[in-house]
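# Structural overview
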Amino acid sequence: QVQLVASRGGSVQAGGPLRLSCAASGRTFGRHSMAWFRPPPGYDREFVAAINWGGDVIKYADFVKGRFTISRDNAKNTVYLQMGSLKPEDSAVYYCAAAVGNSMAPMTLRAYDSWGQGTQVTVSS
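Model, not experiment: these values are computed from the prediction. Within every chain, residues take consecutive numbers counted from 1 along the sequence as written. Owing to the predicted nature of the model, reporting of local features is limited to residues with pLDDT of at least 70; listing and counting of side-chain atom pairs is limited to 80 or more, with chain, interface and lining totals taken over all residues. Calculation of side-chain values draws on the structure's entire complement of heavy atoms; hydrogens and water are dropped beforehand.

This part is about the overall build of the protein. Strands here mean DSSP runs of E at least two residues long; helices mean DSSP runs of H or I at least four residues long; both are numbered from the N terminus. Counting secondary structure elements, the protein contains 0 helices and 11 strands. Counted from the first residue to the last, the protein has its helices and strands arranged as β-β-β-β-β-β-β-β-β-β-β. The principal-axis extents of the C-alpha atoms in the protein amount to approximately 45 × 25 × 25 Å. Sequence-distant contacts in the protein: of pairs separated by 6 or more residues, those separated by 24 or more amount to 57%. Of the accessible surface of the protein, which amounts to about 6600 Å², a share of 49% is contributed by carbon and sulfur atoms. Contacts: residue pairs with any heavy atoms within 4.5 Å of one another. Accessible surface is estimated by sampling points in the Shrake-Rupley manner with a 1.4 Å probe; for residues, cover comes only from the protein chains shown.

Disulfide: a covalent bond formed between the sulfur atoms of two cysteine residues. Whenever a pair of cysteine sulfur atoms sits within 2.5 Å, that pair is classed as a disulfide. A complete count under the given rule lists 1 disulfide for this structure. Sulfur-sulfur distance for the disulfide between C22 and C96 comes to 2.0 Å. Here the disulfide of C22 and C96 is right-handed, its torsion about the S-S bond being about 50°. With C22 in strand β3 (residues 18-25) and C96 in strand β9 (residues 92-100), the pair connects residues that are 74 residues apart, well separated along the chain.

A separate point is the sheet that holds strand β1 (residues 3-6). Whether two strands pair comes down to DSSP finding at least two bridges between them. Strand order across the open sheet formed by 4 strands is β1-β3-β8-β7, with antiparallel pairing between neighbours. Lying at the two open borders of the sheet, with one neighbouring strand each, are β1 and β7 (68-73). On average, adjacent strands in this sheet sit at an angle of 20° to one another, irrespective of strand direction. Only the stretch in contact is used when a helix axis is fitted, and all axes are lines through C-alpha atoms; the angle between N-to-C directions ranges over 0 to 180 degrees.

Another point: the pattern of salt bridges. The working definition used for a salt bridge is a side-chain nitrogen of Lys or Arg within 4 Å of a carboxyl oxygen of Asp or Glu. One pass over the structure, following the stated rule, counts 4 salt bridges. In this structure, D90 engages R38 in a salt bridge whose closest nitrogen and oxygen atoms are separated by 3.0 Å. Of this pair, D90 sits in the loop between β8 (78-83) and β9 while R38 sits in strand β4 (residues 32-38), placing them 52 residues apart in sequence. The pair D90 / R38 is uniform in exposure class, with both members buried. Note on D90: relative accessible area 1%, which makes it buried. Beyond isolated ion pairs, a larger network of salt bridges with shared partners links R38, E46, R67 and D90. Categorising residues by exposure relies on relative accessible area from a 1.4 Å probe, with only protein chains included: less than 20% of the type maximum marks a residue as buried, more than 50% marks it as exposed, and the intermediate range marks it as partly exposed.

For the rest of this paragraph, the subject is the nonpolar core. Nonpolar core, defined: a set of buried Ala, Val, Leu, Ile, Met, Phe, Trp, Tyr and Cys residues in which side-chain atoms within 4.5 Å join the residues together. W36, L81, M83 and Y94 are the most contacted members of the largest nonpolar core, which has 35 residues in total. For this core, the elements supplying multiple residues, two or more each, are β1, β3, β4, β5 (46-51), β7, β8, β9 and β11 (119-124). Element by element, the count of residues in this core is highest for β9, at 6 residues.

Here the focus is the pairing of β1. Side chains L4 and A6 of β1 all project onto a buried face; the interleaved residues Q3 and V5 project onto a face where none is buried. In terms of strand pairing, β1 meets β3 through 4 bridges, oriented antiparallel. The residue bridging Q3 from the neighbouring strand is S25, located in β3.

Next up on the list: the pairing of β5. The buried fraction of β5 is high, at 5 of 6 residues. Pairing analysis gives 5 bridges linking β4 to β5, with the strands arranged antiparallel. Its bridge partner lying in β5, F37 is registered against F47. Sheet topology note: the β5/strand β6 (residues 58-60) ladder contains 3 bridges and is antiparallel. Looking at β6, one finds that A49 is bridged to Y60. The turn joining β5 and β6, which pair antiparallel and follow one another in sequence, is formed by 6 residues; a positive phi near 80° is taken by G55.

Okay, structure coming up:
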């Protein structure tokens with residue numbers, strides 16, 4: 001029931017930074033975790049990062065640890081993904097997602113029931 005609108009992605013050179021944002025709206029009766037996923041070439045959507053409502057439970061995929069930072073601003077109902085040290089293999093369509101009523105920042109695709117439209121990130125070498 002949560003509507004998610006992601007910001008435009010971008011095209012950057014390897015090593016550069018880029019920030020994505022995703023704003024949530026709609027009627028909800030409980031708190032929710034939010035996350036980012038991406039589909040690498042030839043594979044289904046994979047987990048990137050997640051954060052719970054309070055921001056005290058944060059999880060990252062191994063391939064982005066130390067490079068990406070997820071955060072949220074509940075006053076704006078927005079989740080952010082600050083990407084740094086970008087690599088060409090990071091190029092993908094990134095999707096934000098919300099897990100209504102889940103406070104554990106899950107890493108599984110099935111836990112999320114609301115999705116943004118996807119935003120393209122392209123990293124050139």
